[in-house]
Amino acid sequence: MLIDSFNRIHNYLRISLTDNCNLRCFYCMPEEDYSFAPASRLMQTHEIEEIAQTFVRLGVNKIRLTGGEPLVRKDAARIIASLAKLPVSLHMTTNGVRLHEFKEVLHEANIKSINVSLDTLQADKFQLITRRNNFERVFDNIHMLIDSGVHVKINVVAMKGLNDSEINDFIGWTKDTPVHVRFIEFMPFSGNKWTSNKVLTWQQILHTIEQEYSFVPLKGDPNDTSKKYIVPGHAGTFAVISTMTAPFCSTCNRMRLTADGKMKNCLFSKGETDLLTALRNGENIENLIRESISSKAKELGGQFINDFENVQSNEIQNRSMISIGG
Ligand code: SAM
Ligand code: SF4
């Protein structure tokens with residue numbers, strides 16, 4: 001088992017398959033000087049399998065594939081099929097653009113729950129945020145998943161002046177659509193021009209919803225990163241993820257593997273452990289994984305505290321979100 005110095009058991013691994021993407025969300029991918037890692041620097045399929053197997057031996061029972069956009073990787077289908085054979089529950093976070101091409105693969109892999117990112121219900125705003133014109137495709141693919149019985153969670157990065165006016169449109173969507181909408185507080189990463197006044201806090205989100213709807217809390221799970229609610233009578237549910245104003249670090253069970261094979265023990269960790277080079281050199285990576293977990297900071301990578309109005313984003317040492325794997 002992987003237990004850190006704060007007694008947190010780590011059994012959930014998020015694997016980034018690529019730092020490449022078919023969208024260009026401005027809060028995720030830096031506008032200037034961003035170049036994708038060359039394929040030779042990325043973990044190859046067999047290396048992903050081998051590293052994932054090691055984590056499973058150490059107690060991991062949940063894996064999420066992410067990126068960049070996991071479904072732009074050429075061998076994504078092969079990776080999904082091979083990780084589906086591990087004794088883990090397998091999940092994915094995707095922008096949804098290519099989901100229709102993977103319907104069979106996802107079904108064969110028995111993936112029961114997929115997170116799709118969608119920050120707006122307006123096609124023109126989608127283009128503004130992602131710099132691509134794929135709203136209809138993503139929206140259709142969300143419905144394709146729902147129709148095929150997959151539980152769909154919608155990730156909405158909530159930002160002032162961007163989509164704050166759409167909060168209740170999303171809640172309205174849950175009336176007849178069985179989706180779970182998750183409003184995520186905007187987080188600072190390298191190159192994303194984060195400032196505290198763009199953060200729409202979870203209290204502000206709930207306050208907006210309460211102007212139009214009555215809702216009740218739902219019971220959460222021990223390692224939940226969100227507070228969940230339902231408007232009675234609605235087919236879908238919603239949640240707020242309060243990373244910036246009320247982080248959930250005390251119950252954190254997550255670890256990350258970047259597409260170039262570096263382990264991060266926290267989304268905000270400054271340090272990284274190079275598992276891929278060690279694997280290629282024939283070294284035992286178990287010890288490296290254990291060392292990384294024992295050095296995990298108590299909260300927020302040890303880089304800032306949850307006094308979000310005073311966070312100096314330029315002092316945080318980290319990658320951009322797209323190259324970490326969200
Ligand atoms: N491409 C996939 C997608 O968009 O779902 C997976 C990778 S993306 C980095 C994972 C999640 O991180 C997405 O839901 C995205 O909205 C979220 N994200 C990216 N940058 C963020 C930021 N600065 N603050 C909060 N969430 C962010
Ligand atoms: Fe691509 Fe996802 Fe980042 Fe948007 S949030 S740029 S879809 S990786």
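See the structure above.
Residues numbered from 1 in each chain as written. Chains lettered and ligands numbered in written order. Predicted model: local features only at pLDDT ≥ 70, side-chain atom pairs only at ≥ 80, totals over all residues. Heavy atoms only, no water.

We now examine the site of ligand 1. In the vicinity of ligand 1 there are 20 residues, among which Gly68, Glu69, Ser117, Asn155 and Met187 approach most closely. Thr94 places a polar main-chain atom, nitrogen or oxygen, 3.2 Å from an oxygen atom of ligand 1. At a separation of 2.5 Å, an oxygen atom of ligand 1 approaches a polar side-chain atom of Ser117. Protein coverage of the free-state accessible area of ligand 1, which is 550 Å², stands at 95%. Sorting the residues of the shell around ligand 1 by element identifies strand 3 (89-94), strand 5 (151-158) and strand 6 (179-185) as the ones contributing at least two each. Partitioned by chemical class, the residues of the shell around ligand 1 number 8 nonpolar, 10 polar and 2 charged. (Near = heavy atom within 4 Å. Polar contact = N/O pair within 3.5 Å; in protein donor to acceptor, adjacent residues only side chain to side chain. Areas by Shrake-Rupley, 256 points an atom, 1.4 Å probe, with all protein chains shown as cover. Helix = DSSP H or I, 4+ residues; strand = E, 2+ residues; numbered from the N terminus. Nonpolar A, V, L, I, M, F, W, Y, C, P; charged D, E, K, R; others polar.)

Scanning the entire structure with this criterion turns up 10 aromatic pairs. Ring geometry for Phe170 versus Phe183: centroids 6.1 Å apart, planes at 85 degrees, classification edge-to-face. On the criterion of sequence distance, the pair formed by Phe170 in helix 6 (residues 167-173) and Phe183 in strand 6 is long-range, its members being 13 residues apart. Judged by its relative accessible area of 1%, Phe170 falls in the buried class. Phe183 gets classed as buried once you look at its relative accessible area, which sits at 0%. Seen from their ring centres, Phe189 and Phe268 are 5.4 Å apart, and the 5 degrees between their planes marks the pair as stacked. You can see Phe189 sitting in the loop between strand 6 and helix 7 (202-210) and its partner Phe268 sitting in the loop between strand 11 (262-264) and strand 12 (273-274), a full 79 residues away along the chain. The class of Phe189 is buried, set by a relative accessible area of 8%. (Phe/Tyr/Trp six-rings, centres within 6.5 Å; stacked < 30°, edge-to-face > 60°. Buried < 20%, exposed > 50% of the residue type's maximum accessible area, 1.4 Å probe, protein only.)

We now examine the site of ligand 2. Close to ligand 2 lie Cys21, Leu23, Cys25, Cys28, Gly68, Asn95 and Ile322, which account for all nearby residues. Here the residues of the shell around ligand 2 sort into 5 nonpolar, 2 polar and no charged.

Judged by nonpolar contacts, the single largest core of 103 residues is most densely connected at Ile15 and Phe183. No other element matches the 6 residues that helix 5 (residues 135-147) contributes to this core. With near-sequence residues (within four places) excluded, Ile15 lies in contact with Met43, Ile48, Ala52, Ile63, Arg64, Leu65, Thr66, Leu83 and Leu257. (Core = buried A, V, L, I, M, F, W, Y, C linked by side-chain atoms within 4.5 Å. Contact = heavy atoms within 4.5 Å.)

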